Amino acid sequence: MADINPLLPVSSSDGSSNLTGQATCRRPIKVVVSIFFGLLTVGLFAALLIRNNGPVDYVDVHENERGSLASTAFEKAENLKPVSRGPAAGVSEKSNWAFGGDLPDYPWNNSMLSWQRTAFHFQPEKNWMNDPNGPLFYKGWYHFFYQYNPNAPVWGDIVWGHAVSKDLIHWLHLPLAMVADQWYDKNGVWTGSATILHDGKIVMLYTGSTTEGVQVQNLAYPADQNDPLLVHWVKYPRNPVLVPPPGIGPNDFRDPTTAWLTSEGKWRITIGSKINKTGIALVYDTKDFINYEMLDGLLHAVPGTGMWECVDFFPVSETENNGLETSINGHGIKHVVKASLDDDRHDYYAIGTYNDRNGTWIPDRPNIDVGIGLRYDYGIYYAAKTFYDQNKKRRVLWGWIGESDSEAADVKKGWASVQSIPRTILFDKKTGTHLLQWPVEEIDSLRLKGKEFNQVRIQAGSVVPLDIDSATQLDIIAEFKIDSDALDKATGSSDASFDCVTSGGAAERGALGPFGLLVLADERLSEQTPVYFYMTKGSDGNLKTFFCNDQSRSSKASDVDKHIYGSLVPVLRGENLSIRILVDHSIIESFGQGGRTVITSRVYPTKAIHGAAKVFLFNNATELNVTASLKTWQMNSAFIQPYPNL
């Protein structure tokens, strides 16, 4: 029988199913209001700085005619709006791109749809998946939990799926970990986090949506702490342990973080919320995960960013090349705050200084604060969650990759959404402003036959095919050397106002770009997804480098997203431009400059599939010759199957 008192002595609460909650709030409402408006003033000042001075720029100190990529006519990418499903339930948009009656569904056939399923990214056997939940390493196994609809390939009926792995690549599906069977989670077992205690026991905090649709925080723990597979879970009988505090809306209180230890020996968590349009992170201390004390201040708040969900908080080292356990603090340590913004469905982070005494955090650079600055990923990537992997002393990042095709297509294929390849995450000591994300080293074990292409000269306005047998499962590492004379001769121009998202994509020619690779392209380039750099030179002589991904020519289908993604990427003195690209059928994960800027795309070609998928180098600049060196590997498929005999 499971221990119903897994931690310290049980609260004296009688367990009645009301929403009074067990948190002790030290903060009178006047203090709440004064703190909020103080933070609002600071945030508005930072926003004013950004409006007046523009976003932070990075100088590359090594830093409209149409050319080679415009030989085929393409449909213009549509700015299509998804049908909203999640917000009505008080959560973020969980629907993929579901198109209205203006555009007919593309006539997908079984060959096209079956090709879209990934080979080495984690996904369930069927149906819908979204946020990663409670990842951890325990008794020799990596555990991954995730939001899951067991009944259909669309969002709804959310419970927790569960899988285990020895290496973060090959996975075994286990029975559902938690289902919606109590009044406090009847409308959904939503996102949560795991904490490993001093004695090795595990506790899980998760958000439940009650029968009345109120978001509350609940406690769960393994039925058998000695079971390395953690197959069975028990919900604390006196749930919920936290309810929305005064001044917080019933649908604005969700996604508790992994707990960390304070200098007083208490456990501390933060929970995402908002006040009006200001995104906030509430802070609670606990000794037993049953009784909670709400701190007087907020961890952080940023005006104009809307609801913060899936908040994450963790330390990074300024000096070491390994990850840190969540409770680590002290000299040489910075802390990262990440929030998933409900308003725009992107994950933003900032690096700053954490005050253990009052539970607050201040960004190093307010002009790139949470929600107005840097993102984990500039493509389709959301609800990310890290965990400390004590097995290899690293911090590992998971992220949900949604669909950007039509919901009708997902219903036909019977599944929707995947998870990113797990990424290690480190502080970028060279820039001091960015994090570095990189695929976990275990992904290299899937590499099969490799090829090298050394010193390939790409003339301005040219496309160079690469002799690669199969191009639907690839790992590509490429480095580009730039003609320094061309950089010196280039004059400042209107290119200095370039932006990946609002540009004309890889077919828009400039003096110093674009150049890079075309992946998932067919022989005639009727379908192609360019991953590329675009350099600009301002009238002041300063260079900027952008890292972009152009989906506008990725598919002939009319019911898929064809946006252009990307952002600035810092390039420092002496650095060549570098890209790593993981191609896995309908997913392209691209890492620029060692992971300073990352872009994930979902693409749905109709022709560039199976054996017809090719890879090309291209240079569509007008005044720049580029030399490229590449290593490419065919990638094996991961073993992702049900755990036998369970």
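For the structure itself, look to the data block above.
It should be emphasised that the depicted structure is a prediction, and the values quoted were computed from it without experimental measurement.

A. Structural context of the pairing of strand β32 (residues 564–568). With five of its five residues buried, β32 lies for the most part within the structure. One ladder, built from five bridges, connects strand β31 (residues 543–550) with β32; its direction is antiparallel. For C548, the partnering residue across the bridge sits in β32 and is G566.

B. Structural view of the packing of aromatic side chains. One pass over the full model with this rule turns up 32 aromatic pairs. Both rings, one in F145 and one in W160, keep their centres 5.6 Å apart while their planes meet at 40°; by these two values the pair is tilted. With F145 in strand β3 (residues 141–149) and W160 in strand β4 (residues 159–165), this residue pair connects regions lying 15 residues apart in the sequence. Residue classification places F145 among the buried residues on the basis of a relative accessible area of 0%.

C. Highlighting the sheet that holds strand β2 (residues 127–138). Read across the open sheet, the six strands follow the order β22-β2-β3-β4-β5-β38; overall the sheet is mixed. Looking at strand neighbours, the two that pair on one side only are β22 (415–416) and β38 (640–642), the edges of this open sheet. Inspection of the sheet shows strand β5 (residues 171–178) paired to β38 by three bridges, in the parallel sense. For L172, the partnering residue across the bridge sits in β38 and is Q641.

D. A look at the sheet that holds strand β29 (residues 512–521). Strand order in the open sheet formed by six strands is β27-β36-β29-β30-β31-β32, with antiparallel pairing between adjacent strands. Two strands close off the open sheet at either side, each with one partner strand: β27 (462–465) and β32. For this sheet, the mean angle separating the axes of adjacent strands, direction not counted, is 15°. Two strands pair when backbone bridges link them, and β29 and strand β36 (residues 614–619) are joined in this way by five bridges, in the antiparallel orientation. By the bridge assignment, F515 is partnered in β36 with N619.

E. Representation of the side chain of R553 in the model. Turning to its location among the elements, R553 is positioned in the loop between β31 and β32. In terms of polar contacts, R553 uses its side chain to reach the side chain of S552, at 2.8 Å.

F. Examining unusual backbone geometry more closely. N239 connects to P240 through a cis peptide bond whose omega is 0°. With respect to the helices, strands and loops of the structure, P240 is situated in the loop between β9 (233–235) and β10 (260–261). With a phi angle near 60°, A383 is a residue other than glycine that sits in the positive phi range. Positionally, A383 belongs in strand β20 (residues 382–389). By relative accessible area, which is 1% here, A383 ends up buried. Phi at K393 takes a positive value of approximately 50°, unusual for a residue other than glycine. Take K393: its relative accessible area is 52%, and that puts it in the exposed class.

G. Structural detail: the nonpolar core. The biggest cluster of nonpolar side chains holds 73 residues, and the ones touching the most others in it are F480 and L517. Counting residues domain by domain, this core receives three or more from each of domain 1 (132–439) and domain 2 (448–635).

Rules behind the numbers
Residues numbered from 1 in each chain as written. Predicted model: local features only at pLDDT ≥ 70, side-chain atom pairs only at ≥ 80, totals over all residues. Heavy atoms only, no water. Buried < 20%, exposed > 50% of the residue type's maximum accessible area, 1.4 Å probe, protein only. Helix = DSSP H or I, 4+ residues; strand = E, 2+ residues; numbered from the N terminus. Pairing = 2+ DSSP bridges. Phe/Tyr/Trp six-rings, centres within 6.5 Å; stacked < 30°, edge-to-face > 60°. Axes fitted to C-alpha atoms, helices over the stretch in contact; angles between N-to-C directions. Polar contact = N/O pair within 3.5 Å; in protein donor to acceptor, adjacent residues only side chain to side chain. Core = buried A, V, L, I, M, F, W, Y, C linked by side-chain atoms within 4.5 Å. Domains from an automatic or database assignment.

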